[in-house]
Amino acid sequence: MSELSINTTQNVKINFIAANIGERIGSYFIDLAIKFSYVIVVSLLLFYVFNFEKVLSKLDYWTTVAVILLLYFPFFIYTLTLESIFEGQTIGKKLVKIKVVKIDGYQAGFGDYLMRWFFRLVDVSILGGIIAVISVISSEKGQRLGDMVAGTAVITLKNKVDISHTILEEVGEAYVPTYPLVIKLSDNDVRIIKDTFQNAVAKNDHEMIYKLVSKIESVTGIKNQSGDNIDFLRIILKDYSFYTQNM
């Protein structure tokens, strides 16, 4: 297994294990089975249950082609759609426990998934996926051509270093921050805050949580708007991740 080190925007190094070729092939065939199942079910319903061929017989050639492509379009955009919705995972990847990530520490976006999907025509569809297999095996980071172009890699979620072990917090693209003054904090400040917060929650130490909130308010000038100290600390951590990733 090859180890993949990601340097985040906060200069925190996170070490992951790149998904091996067996895991990637396994997820591919699971997804392929799902896609073909969709085609079979749609075909049976349309042509054997609803006699859709009678409708098609009344259409001209190009309209018929367009209708058929539309009906089976989900087969072609399955991977792109699911990776975009589930942040780097399809059903196959979820079952095998692997995920697409950016190698620069940012959350992969639709453009990255689109690039990977487009290059599937080259490294997966052509020659039965031999190009993808060769590139994954020979690449230092276990990348196929689409990954190299998009700046992504596929990691295993088994025994990985979880994001909770760093100062990072998961924030989506639609996240709206509450406290802009969190930028007054340093990476080390946030690391201490997160460690202290997690320990206090684990021990149900409300006094420590109260002291931590008071310290943050005095250092940054932020006032707790939520009325709940635990929610306040969670928002502080998320806001810090949001601003440092978008500065």
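Note that the structure is a prediction, hence the values are computed from the model and not measured. (Residues numbered from 1 in each chain as written. Predicted model: local features only at pLDDT ≥ 70, side-chain atom pairs only at ≥ 80, totals over all residues. Heavy atoms only, no water.)

## Considerations on the overall build of the protein
Along the backbone of the protein there are 11 helices and 4 strands. Counting all 247 residues of the protein, 38% fall into the buried class. Considering only contacts within the protein whose residues lie at least 6 apart along the sequence, 66% involve residues at least 24 apart. Just so you have it, the protein exposes about 14,000 Å², and 63% of that area is on carbon and sulfur atoms. (Helix = DSSP H or I, 4+ residues; strand = E, 2+ residues; numbered from the N terminus. Buried < 20%, exposed > 50% of the residue type's maximum accessible area, 1.4 Å probe, protein only. Contact = heavy atoms within 4.5 Å. Areas by Shrake-Rupley, 256 points an atom, 1.4 Å probe, with all protein chains shown as cover.)

## Regarding the packing of helix α1 (residues 21–49) against helix α4 (residues 73–85)
Between α1 and α4, the shortest axis-to-axis distance is 9 Å and the interhelical angle comes to 155°. Here α1 lies roughly antiparallel to α4, going by the angle between them. As α1 runs across α4, the sense of the crossing is right-handed. Of the residues in α4, those touching α1 at Asp31, Ile34, Lys35, Phe36, Tyr38 and Val39 are Pro74, Phe75, Tyr78 and Thr79. Of the residues in the contact of α1 with α4, the class split is 7 nonpolar, 1 polar and 2 charged. (Axes fitted to C-alpha atoms, helices over the stretch in contact; angles between N-to-C directions. Parallel < 35°, antiparallel > 145°, perpendicular 65-115°, else oblique. Left-handed = near helix turned anticlockwise from the far one by under 90°. Nonpolar A, V, L, I, M, F, W, Y, C, P; charged D, E, K, R; others polar.)

## Some thoughts on the side chain of Ser43
Mapped onto the elements, Ser43 comes out in helix α1. Look at Ser43 and you get buried, because its relative accessible area is 19%. A distance of 2.7 Å separates polar atoms of two side chains, one belonging to Ser43 and the other to Tyr72. In this view, Ser43 contacts Tyr48 and Tyr72; residues no more than four positions away in its chain are not counted. (Polar contact = N/O pair within 3.5 Å; in protein donor to acceptor, adjacent residues only side chain to side chain.)

## Side note on α1
Over its 29 residues, α1 extends 41 Å from the first C-alpha to the last, a length consistent with the 42 Å expected when each residue adds 1.5 Å. Among all positions of α1, only Glu23, Arg24, Ser27, Asp31, Leu32, Lys35, Val42, Ser43 and Leu46 are buried. Sitting at the head of α1, Asn20 places a side-chain oxygen 3.0 Å from the backbone nitrogen of Gly22. Immediately downstream of α1, the backbone of Asn51 shows phi near 50°, a positive value. (Expected span 1.5 Å × (residues − 1).)

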